[in-house]
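# Survey of secondary and tertiary structure
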Amino acid sequence: MEKILAVKGMNDILPDSSYKWLQLEAKLRDWLHSYGYSNIRTPIVEDTRLFKRSIGEVTDIVEKEMYSFEDCLNGDKLTLRPEGTAGTIRAVIEHNLLYNTTQKMWYIGQMFRHERPQKGRYRQFHQLGVECLGIKGPDIDAEIILMINDLFKQLNINGIELQINCLGSKDERSHHRQDLIKYFEKYIDCLDDDAKRRLYSNPLRILDTKNSKMFEVVNNAPKLIDYLTIESRSYYTRWKDYLDQLGIQYIENHRLVRGLDYYNLSVFEWVSSNLGSQSTVAAGGRYDGLIAQLGGVDSYAVGFAIGMERLLLELEHIEGIYEKPKYDIYIANFGDKTDIYALKVAYKVRELGFSVVQNFGNNSFKSQFKKANNLGVKYTLVIGEEELINNTVIVKNMQSGAQEIVKFDSLKIDRE
Ligand code: ATP
Ligand code: MG
């Protein structure tokens, strides 16, 4: 029979690496809690209009990366979420979560983008996202940078660079945009097809090109920073001042524009020197207009997302981050009808607070002990027909080799 395989670009996370995900996620939850964030869980599928309206019609994601489909049962137009901000803001508006209060929220989960799969870029991937709503900034923008900085420190990650920029407001961007179009029209022959396509729809994105042949023309293009009003400039300066005072190093990258339409003022990316071309591990910024744009009250917002797969790749070469899962006890059984007794013993030992792996089936003495050794358990409990009759268990200390026969009713095992 023909085998059915996973969908291209969508990966299984198997037991030999899933424990790393679990341990990393536990660390991340502690870190988020320590900064006062609470968890929000929204659906993976949303109304397609939500993403078009929030991410923007002329973005890579909406133009060519979304998994959109029609529900064949009722004709609803749906999309697998390509990112988490839109759904979070939809939920915030729907449940009135900003009524007389602010919100600090995080989520983690699968995102879907129909991209060309390669290392660090998949069609199903995971993001950890943080959204901080109702706070004007720039103090909170600085806390967000501080917290990511802190995480990378806790995880011993080096060789990762913080890049920042200020995107100003819509009005400021529209003046810049006009000059940008005029400038690029002059250099139209230097633009690649993607840039030509973007010229009138989203020229700002041309600045973000990864095509090195265009770097020169892009570097000399009008800079958005020169179009910012005093208000935006002062916001930017205050943000940088907080970062300086917190001792955080950053690089100002005037070409940093981010791929989604909803950003304004502060934007930032953490770029790794270890990940080749898929080098952005975390990215985010301020998106004050989005809540109103999705039908909520006008409010402030800033957030970021970490690409989990890229974070795990970054951690691959760092010692001491993960611990291989260990079990305390192995239960070996031999002979007729000892299996039910073994289940009871295992249950009792778990009640005493130990983790237990039990033998199932008629395996040889040798293979059961091999298994126990491979698991690295502290104790193996051995149950044979004699133990079944006497209601006892042989407790073997795997380190010292010492054995002891213990009554089932008074079964106790030392922690050490
Ligand atoms: P890139 O420039 O790499 O395409 P992006 O600007 O599209 O990134 P964002 O939308 O800002 O990415 O998403 C935040 C983070 O999610 C990225 O910095 C990256 O770590 C991760 N990410 C985005 N797309 C993918 C993908 N297809 N596969 C794996 N991780 C991804
Ligand atoms: Mg992308």
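Residues numbered from 1 in each chain as written. Chains lettered and ligands numbered in written order. Predicted model: local features only at pLDDT ≥ 70, side-chain atom pairs only at ≥ 80, totals over all residues. Heavy atoms only, no water.

### Details of the site of ligand 1
- Near ligand 1, the surroundings consist of 15 residues, among which Arg113, Glu115, Arg121, Arg258 and Thr280 are the closest.
- At 2.8 Å from an oxygen atom of ligand 1 is found a main-chain nitrogen or oxygen belonging to Thr280.
- Compared with its free state, where it exposes 580 Å², ligand 1 has 89% of that area covered by protein.
- Put simply, the parts of the chain that give the shell around ligand 1 at least two residues each are strand E6 (124-133) and strand E10 (280-286).
- Residue contributions to the shell around ligand 1 peak at 3 residues, all from E10. (Near = heavy atom within 4 Å. Polar contact = N/O pair within 3.5 Å; in protein donor to acceptor, adjacent residues only side chain to side chain. Areas by Shrake-Rupley, 256 points an atom, 1.4 Å probe, with all protein chains shown as cover. Helix = DSSP H or I, 4+ residues; strand = E, 2+ residues; numbered from the N terminus.)

### Considerations on the sheet that holds strand E9 (residues 264-272)
- Strands sit in the order E1-E5-E6-E11-E10-E9-E7-E8 across an open sheet of 8 strands; the sheet is mixed. Of all the strands in the sheet, just strand E1 (38-39) and strand E8 (251-252) have a single pairing partner and so form its edges.
- Sheet topology note: the strand E7 (residues 160-166)/E8 ladder contains 2 bridges and is parallel. Across the sheet, the residue bridging to Ile164 is Glu252, located in E8. (Pairing = 2+ DSSP bridges.)

### Description of the environment of Ser201
- With respect to the helices, strands and loops of the structure, Ser201 is situated in the loop between helix H7 (193-198) and helix H8 (215-219).
- The sequence separation of Ser201 and Gly129 amounts to 72 residues, and the corresponding C-alpha distance is 28 Å.
- If near-sequence neighbours (up to four positions away) are discounted, Ser201 is found in contact with Val58 and Arg177. (Contact = heavy atoms within 4.5 Å.)

### So, the pattern of salt bridges
- Under the definition given, this model contains 20 salt bridges.
- When the shortest N-O distance is used, the salt bridge between Arg49 and Asp47 registers 2.6 Å.
- The exposure class of Arg49 is exposed, given its relative accessible area of 60%.
- The class for Asp47 is partly exposed, based on a relative accessible area of 30%.
- The salt bridge involving Lys64 is made with Asp60; its shortest N-O contact spans 3.8 Å. Highlighted residues: Lys64 and Asp60, both in helix H3 (residues 60-65), separated by 4 residues, approximately one helical turn.
- On the basis of relative accessibility, which here comes to 43%, the residue Lys64 falls in the partly exposed class. (Salt bridge = Lys/Arg side-chain N within 4 Å of Asp/Glu carboxyl O. Buried < 20%, exposed > 50% of the residue type's maximum accessible area, 1.4 Å probe, protein only.)

### With respect to the domain arrangement of the protein chain
- For the protein chain, the domain assignment lists domain 1 (15-168 + 228-315) and domain 2 (329-410).
- On a C-alpha basis, the centres of domain 1 and domain 2 stand 49 Å from each other. (Domains from an automatic or database assignment.)

### A word on the side chain of Thr88
- Assignment of secondary structure puts Thr88 in helix H4 (residues 85-94).
- Accessibility expressed as a relative area gives 0% for Thr88, which makes it buried.

### Describing the packing of helix H1 (residues 15-34) against helix H11 (residues 308-315)
- Two elements in contact, H1 and H11, have axes separated by 12 Å at closest approach and are oriented at 105°. The angle between the axes of H1 and H11 places the two elements in the roughly perpendicular class. In this structure, H1 contributes Lys20, Trp21, Leu24, Glu25 and Leu28 to the contact, and H11 contributes Met308, Glu309, Leu311, Leu312 and Leu315.
- Residue classes in the contact of H1 with H11 are distributed as 7 nonpolar, no polar and 3 charged. (Axes fitted to C-alpha atoms, helices over the stretch in contact; angles between N-to-C directions. Parallel < 35°, antiparallel > 145°, perpendicular 65-115°, else oblique. Nonpolar A, V, L, I, M, F, W, Y, C, P; charged D, E, K, R; others polar.)

### Things to note about H4
- Counting buried residues along H4, 8 of its 10 residues qualify, which places the element largely inside the surrounding structure.
- On its buried face, H4 sits against strand E2 (45-47), helix H2 (48-55), strand E5 (103-112), E6 and helix H10 (290-293).
- Note on H4: the residue one or two positions beyond its end, Asn96, has a positive phi of about 55°.

### Notes on the nonpolar core
- Grouped together as the largest cluster of nonpolar side chains are 92 residues, with contacts concentrated most on Trp31, Phe152, Phe184 and Phe268.
- Here this core gets 8 residues from one element, more than from any other, and that element is helix H5 (residues 139-154).
- Apart from the residues lying within four places of it in its own chain, the contact partners of Phe184 are Leu191, Leu199, Pro203, Ile206, Leu207, Val217, Val218 and Ala221.
- By size, the runner-up hydrophobic cluster in this structure holds 18 residues, among which are Ile331, Ala342, Phe354 and Val356. (Core = buried A, V, L, I, M, F, W, Y, C linked by side-chain atoms within 4.5 Å.)

### Things to note about the packing of aromatic side chains
- Under the defined criterion, the tally for this structure stands at 11 aromatic pairs.
- Ring centres of Trp31 and Phe304 lie 6.5 Å apart, and the angle between their planes is 55°; this geometry places the pair in the tilted category. On the criterion of sequence distance, the pair formed by Trp31 in helix H1 and Phe304 in strand E11 (residues 301-307) is long-range, its members being 273 residues apart.
- For Phe304, a relative accessible area of 3% gives the class buried.
- On the numbers, 4.8 Å between centres and 40° between planes, the contact of Phe365 with Phe369 is tilted. Taken as a pair, Phe365 and Phe369 lie in helix H13 (residues 365-375) at a separation of 4 residues, close to a single helical turn.
- Three or more aromatic residues link up through ring pairs in this structure, and these residues are Tyr183, Phe184 and Tyr187.
- Geometry around Tyr236 places Lys240 over its ring, the cationic atom sitting 4.3 Å from the centre.
- Positioned above the aromatic ring of Phe408 is the side chain of Lys348, whose terminal nitrogen or guanidinium carbon lies 4.7 Å from the ring centre. (Phe/Tyr/Trp six-rings, centres within 6.5 Å; stacked < 30°, edge-to-face > 60°. Lys NZ or Arg CZ within 6 Å of the ring centre and 35° of its normal.)

### Observations regarding unusual backbone geometry
- Following Gly137, the chain continues to Pro138 via a peptide bond in cis, the omega torsion being 5°.
- Its identity as a non-glycine residue notwithstanding, Asn100 has a phi of 60°, on the positive side.
- Looking at the secondary structure, you find Asn100 in the loop between H4 and E5.
- Residue classification places Asn100 among the exposed residues on the basis of a relative accessible area of 72%.

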